[in-house]
Amino acid sequence: MTGPSMEPSVRQGAWFLARPFAGMPARGDLVLLEHWIDDTLYHVLRRAVGLPGDTLRMVAGALRINGREADWPSRVLEPRAERPLDGPLPGTIYNWGPVVVGPDSVFLLSDTRDMLGWPDSRFLGAVPRDRIVDRYLFGLWPGGG
């Protein structure tokens, strides 16, 4: 893991094992997304939070899925650092939606909600399933997970 975007679940600098899988990820799974920047392919670890047909919104940094607040780990480092989104969703990084996830797509988020340097679905929109290449299995070093 090269950055802090998935803390507290996966620490910056951690090594982990991932494996290809078929079908849709389950809500809450950590998955690797293929993301191109110019001519460079990156594999980006993100949490699958929305599945086809789900209605999502974020209010004051708290994710709501089909009207209920999500219960997995997340953190906001700078809650005062509200920024507009530059992508398909109207709103800001802490307040957006509602959005309905389309067929064969997954909505992916960082566990650290105020990360702007790497992509998640707030900036990309729902991600087609075929761009998700692996599922996180467990941490190897440091500490596992």
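Before reading on, note that the structure itself is shown above.
Model, not experiment: these values are computed from the prediction.

Student: How would you summarise the overall build of the protein chain if you had to cite specific residues and measurements?
Tutor: In terms of helices and strands, the protein chain carries 1 helix and 10 strands. N-terminal to C-terminal, the α/β element order of the protein chain is β-β-β-β-β-β-β-β-α-β-β. For the protein chain, long-range pairs separated by at least 24 residues make up 63% of all intrachain contacts whose partners lie at least 6 apart in sequence.

Student: Account for the nonpolar core, with residues named and values stated.
Tutor: Where a protein is soluble and globular, its nonpolar side chains tend to be buried together. Counting residues in each nonpolar core, the largest one holds 16 residues, and the members touching the most others are V49, L56, L63, W96 and F107. Listing elements by their share of this core, those giving two or more residues are β4 (55–59), β5 (62–65), β7 (96–100) and β8 (105–109). Counting 8 residues, the second-largest nonpolar core is a separate cluster that includes F21, V31, L33 and I132.

Student: I'd like a description of unusual backbone geometry, backed by residues and values.
Tutor: In this model, G97 is joined to P98 through a cis peptide bond whose omega is 5°. Looking at the element boundaries, P98 is found in strand β7. For A60, which is not glycine, the phi dihedral falls at a positive 50°. Of note in this structure, D104 is not a glycine but carries a positive phi near 55°. Following the sequence through the fold, D104 ends up in the loop between β7 and β8. Exposure remark for D104: the relative accessible area of 58% places this residue in the exposed category.

Student: So what's going on with the pattern of salt bridges? Which residues, and what values?
Tutor: Applying the stated criterion across every chain yields a total of 4 salt bridges. E69 is paired through a salt bridge with R64; the nearest N and O atoms lie 4.0 Å apart. The class of E69 is exposed, set by a relative accessible area of 53%. According to the relative accessible area criterion, R64 is partly exposed, its value standing at 29%. Of the charged contacts, one joins D120 and R122 as a salt bridge, the two residues approaching to 2.9 Å between their closest N and O atoms. In this pair, the class of D120 matches that of R122, namely buried.

Student: Please give an account of the packing of aromatic side chains that cites residues and values.
Tutor: What the rule picks out here adds up to 1 aromatic pair. Sitting over the face of the ring of F21, R129 holds its NZ or CZ atom 4.3 Å from the ring centroid.

Student: Lay out the pairing of β4 in plain terms, naming residues and giving numbers.
Tutor: Only one face of β4 is buried: it carries L56 and M58, and the other face, with T55, R57 and V59, is open. With 3 bridges joining them, β4 and β7 adopt antiparallel strand pairing. Considered in β7, the bridge of M58 is made with W96. Here β4 pairs with β5 via 4 bridges, running antiparallel. Along β5, the bridge assignment pairs M58 with L63. As consecutive antiparallel partners, β4 and β5 are separated by 2 residues, and within that stretch A60 has a phi angle of approximately 50°, a positive value.

Each value, and the rule that gives it
Residues numbered from 1 in each chain as written. Predicted model: local features only at pLDDT ≥ 70, side-chain atom pairs only at ≥ 80, totals over all residues. Heavy atoms only, no water. Helix = DSSP H or I, 4+ residues; strand = E, 2+ residues; numbered from the N terminus. Contact = heavy atoms within 4.5 Å. Core = buried A, V, L, I, M, F, W, Y, C linked by side-chain atoms within 4.5 Å. Buried < 20%, exposed > 50% of the residue type's maximum accessible area, 1.4 Å probe, protein only. Salt bridge = Lys/Arg side-chain N within 4 Å of Asp/Glu carboxyl O. Phe/Tyr/Trp six-rings, centres within 6.5 Å; stacked < 30°, edge-to-face > 60°. Lys NZ or Arg CZ within 6 Å of the ring centre and 35° of its normal. Pairing = 2+ DSSP bridges.

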